Amino acid sequence: QSCMGDFRSALANEKETFTIYKTQLGDEHEKTKESGECLRHLTQQAVVLQKKMNDIYQGKSKTGLPPIQIQPPSMGSVLDMLNIINGNLFVQISQQDIENFKKE
């Protein structure tokens, strides 16, 4: 959505994603932090685009719109998504969890 300049929808979707991650995984989880960074990036891009559109509309600028900078996803995010799509589920467990399981 942000690729097409629809920052309002992109921000709404990412806010929902961030809320889910924060609620389910907590503030310090990698996914929550990554989503927060994406929100900051989308907000920054939306502000830049809106300012430029305002300048063009008010006749302050004759140049076109700036290129939209797309933040590429991390390799971890891509792999996580591919695993979800393909039905693979990875559960991280600690060494202590393994030891407790062996005792049972």
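Residues numbered from 1 in each chain as written. Predicted model: local features only at pLDDT ≥ 70, side-chain atom pairs only at ≥ 80, totals over all residues. Heavy atoms only, no water.

Along the polypeptide, S35 turns up in helix α2 (residues 30-57). In contact with S35, not counting residues within four places along its chain, are E14, T17, F18 and Y21. (Helix = DSSP H or I, 4+ residues; strand = E, 2+ residues; numbered from the N terminus. Contact = heavy atoms within 4.5 Å.)

Take a nonpolar patch on the surface next. Together, M75, V78, L79, M81, L82, I84 and I85 make up an exposed nonpolar region whose accessible area comes to about 700 Å². Within the secondary structure, V78 sits in helix α3 (residues 75-85). (Patch = residues over 30% accessible without salt bridge, like charges linked within 9 Å, V, L, I, M, F, W, Y side chains within 5 Å. Areas by Shrake-Rupley, 256 points an atom, 1.4 Å probe, with all protein chains shown as cover. Salt bridge = Lys/Arg side-chain N within 4 Å of Asp/Glu carboxyl O.)

Now for the environment of I20. Assignment of secondary structure puts I20 in helix α1 (residues 7-25). Between the C-alpha atom of I20 and that of T32, which follows or precedes it by 12 residues, the distance is 8.5 Å.

To continue, consider the packing of α1 against α2. At a minimum axis separation of 9 Å, α1 and α2 run at an interaxial angle of 160°. For the element pair α1 / α2, the angle class is roughly antiparallel. Crossing angle aside, the handedness with which α1 passes α2 is left-handed. Residue-level contacts link F7, A10, L11, E14, K15, T17, F18, Y21, K22 and L25 of α1 to K31, T32, S35, G36, C38, L39, L42, T43, Q45, A46 and L49 of α2. Here the residues of the contact of α1 with α2 sort into 11 nonpolar, six polar and four charged. (Axes fitted to C-alpha atoms, helices over the stretch in contact; angles between N-to-C directions. Parallel < 35°, antiparallel > 145°, perpendicular 65-115°, else oblique. Left-handed = near helix turned anticlockwise from the far one by under 90°. Nonpolar A, V, L, I, M, F, W, Y, C, P; charged D, E, K, R; others polar.)

If charged atoms from side chains of opposite charge come close, those side chains can pair. According to the stated counting rule, one finds four salt bridges in the structure shown. As a salt-bridge pair, K33 and E28 come within 3.2 Å of each other at their nearest N and O atoms. Classification of K33 as partly exposed rests on a relative accessible area of 45%. In this structure, E99 engages K102 in a salt bridge whose closest nitrogen and oxygen atoms are separated by 4.0 Å. Linking E99 with K102, this pair stays in helix α4 (residues 95-103), spanning three residues, or about one helical turn. (Buried < 20%, exposed > 50% of the residue type's maximum accessible area, 1.4 Å probe, protein only.)

We now examine the nonpolar core. Core analysis: the largest hydrophobic core is formed by seven residues, namely F7, A10, L11, L39, L42, A46 and L49. Elements that contribute at least two residues to this core include exactly α1 and α2. (Core = buried A, V, L, I, M, F, W, Y, C linked by side-chain atoms within 4.5 Å.)

We now examine α2. Along its 28 residues, α2 runs 40 Å from first to last C-alpha, staying within 8% of the 40 Å computed at 1.5 Å per residue. Against α1 and α3 lie the buried residues of α2. In the segment just after α2, G59 is the residue with positive phi, at about 80°. (Expected span 1.5 Å × (residues − 1).)

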